[in-house]
Amino acid sequence: SAVISQKPSRDICQRGTSLTIQCQVDSQVTMMFWYRQQPGQSLTLIATANQGSEATYESGFVIDKFPISRPNLTFSTLTVSNMSPEDSSIYLCSAGDGQGAYEQYFGPGTRLTVT
Amino acid sequence: AQKITQTQPGMFVQEKEAVTLDCTYDTSDQSYGLFWYKQPSSGEMIFLIYQGSYDEQNATEGRYSLNFQKARKSANLVISASQLGDSAMYFCAMREGLSGNKLVFGAGTILRVKS
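Residues numbered from 1 in each chain as written. Chains lettered and ligands numbered in written order. Predicted model: local features only at pLDDT ≥ 70, side-chain atom pairs only at ≥ 80, totals over all residues. Heavy atoms only, no water.

### Focus: the overall build of chain B
Then, in step 1: The number of helices and strands found in chain B is 0 helices and 12 strands.
Then, in step 2: Each helix and strand of chain B, placed in order from N terminus to C terminus, yields the pattern β-β-β-β-β-β-β-β-β-β-β-β.
Then, in step 3: Against the 2.2 N^0.38 benchmark of 13 Å for 115 residues, chain B shows a C-alpha radius of gyration of 14 Å, consistent with a compact globule.
Then, in step 4: Dimensions of chain B, computed from the C-alpha atoms along their principal axes, are close to 40 × 25 × 20 Å.
Then, in step 5: Taking all 115 residues of chain B together, the buried fraction comes to 48%.
Then, in step 6: Taken as a whole, chain B presents about 5,400 Å² of accessible surface, with 47% of it coming from carbon and sulfur.
Then, in step 7: A gap of 4 Å separates the mean positions of the 11 positive and 11 negative side-chain charges of chain B. (Helix = DSSP H or I, 4+ residues; strand = E, 2+ residues; numbered from the N terminus. Rg over C-alpha atoms; globule rule 2.2 N^0.38 Å. Buried < 20%, exposed > 50% of the residue type's maximum accessible area, 1.4 Å probe, protein only. Areas by Shrake-Rupley, 256 points an atom, 1.4 Å probe, with all protein chains shown as cover. Lys, Arg positive; Asp, Glu negative; His and termini not counted. Charge placed at Lys NZ, Arg CZ, Asp CG, Glu CD.)

Structure follows, in structure tokens:
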């Protein structure tokens, strides 16, 4: 199974600032995903991070607010821009291999509080 | 339309007894995968078990088994011999296609194991 790490594990940020979350996988993976989990809620996909091209965003999420990078097959970043208290959530990175393997594993998450 | 439905917001089970967590899904795809994850209070998403739509046998992983009833579009998780450490939030999720695609999550069921 892939081992996924995220940095930072948690942060408290001021309104109007930005935070970049890093996701590192211990093996090359085809697909990387970013999810948001608002307090007391389920997980919602923000975007699919595509290596070498722009991320694919889900309805309700835009690149200006959540820019994503995917420079190689083991690493991705998600930036939460111009933060407001409504952005307080757990942000989770997930990785899967699109070449027939079914596994999809998650990083430990980044717990973000915006004040 | 909601793709994954978990109708039990909360469940209690006595230690050492078995418990079933319900999950129904909706898809028109022939190829799909069903997942169960455990999320303790720490926030990490722990992969428990997977069932592919073409798998004829119900999936089992240790104390976890998935009761897959394709015609009824249900994928219930059975936890046998419950332990106090099983207390957590449990999410059912579906991937349309057998690999490489995003997961859609249900609302979750919080399980409390009583001693």
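### Brief notes about the sheet that holds strand E8 (residues 75-80) of chain A
Residues and elements named next belong to chain A.
Then, in step 1: Read from one edge of the open sheet, 4 strands run E1-E3-E8-E7, paired in antiparallel fashion. With one partner strand each, in any of the chains shown, strand E1 (4-7) and strand E7 (68-72) form the two edges of the open sheet. The mean angle between the axes of side-by-side strands here comes to 15°, regardless of whether they run parallel or antiparallel.
Then, in step 2: Where strand E3 (residues 19-25) lies against E8, 6 bridges are found, and the strand directions are antiparallel. In the sheet register, Leu19 faces E8, and the bridge partner there is Val80. (Pairing = 2+ DSSP bridges. Axes fitted to C-alpha atoms, helices over the stretch in contact; angles between N-to-C directions.)

### Here's the deal with the pairing of strand E8 (residues 64-69) of chain B
Residue and element names in this part refer to chain B.
Then, in step 1: Alternating positions in E8 separate cleanly, Tyr64, Leu66 and Phe68 being buried on one face and Ser65, Asn67 and Gln69 remaining unburied on the opposite face.
Then, in step 2: Direction of pairing for strand E7 (residues 60-61) relative to E8: antiparallel, over a ladder of 2 bridges. Opposite Glu61, over in E8, you have Tyr64 as the bridge partner.
Then, in step 3: Between E7 and E8, which pair antiparallel in sequence order, lie 2 residues; one of them, Gly62, sits at a positive phi of approximately 60°.
Then, in step 4: In the sheet, E8 pairs with strand E9 (residues 74-79) via 6 bridges, with the strands oriented antiparallel. By the bridge assignment, Asn67 is partnered in E9 with Asn76.
Then, in step 5: The turn linking E8 back onto E9 is made up of 4 residues, and Lys73 within it adopts a positive phi angle of 55°.

### Notes on the nonpolar core
Then, in step 1: Among the nonpolar cores identified, the biggest contains 44 residues, and Trp34, Tyr35, Leu78 and Phe106 of chain A together with Phe105 of chain B are the most heavily contacted of them.
Then, in step 2: Counting 24 residues, the second largest nonpolar core, distinct from the first, contains Ile49, Phe68, Leu77 and Met94 of chain B. (Core = buried A, V, L, I, M, F, W, Y, C linked by side-chain atoms within 4.5 Å.)

### So, the interface of chain A and chain B
Then, in step 1: Facing the 22 residues of chain A at the interface are 21 residues of chain B.
Then, in step 2: Between chain A and chain B, the buried area comes to about 1,600 Å², and carbon and sulfur atoms account for 55% of it.
Then, in step 3: Where chain A meets chain B, there are 1 salt bridge.
Then, in step 4: Breaking the side of chain A that touches chain B down by element, the ones donating at least two residues are strand E4 (31-37), strand E5 (43-49), strand E9 (89-96) and strand E10 (104-106) of chain A.
Then, in step 5: In terms of residue class, the side of chain A that touches chain B is made up of 12 nonpolar, 6 polar and 4 charged. (Contact = heavy atoms within 4.5 Å. Buried area = accessible area lost by both parts, 1.4 Å probe. Salt bridge = Lys/Arg side-chain N within 4 Å of Asp/Glu carboxyl O. Nonpolar A, V, L, I, M, F, W, Y, C, P; charged D, E, K, R; others polar.)

### Focus on unusual backbone geometry
Then, in step 1: Looking along the chain, the bond that leaves Lys7 of chain A and enters Pro8 of chain A is cis, with omega of -5°.
Then, in step 2: Along the chain, the position of Pro8 of chain A falls in the loop between E1 and strand E2 (10-13).
Then, in step 3: Within the chain, Lys73 of chain B stands out as a residue other than glycine whose phi angle is a positive 55°.
Then, in step 4: Among the residues examined, Lys73 of chain B registers a relative accessible area of 29% and is labelled partly exposed.
Then, in step 5: Positive phi is not limited to glycine here, since Ala81 of chain B has a value of about 45°.
Then, in step 6: Taking relative accessible area as the criterion, Ala81 of chain B reaches 37% and is therefore assigned partly exposed.

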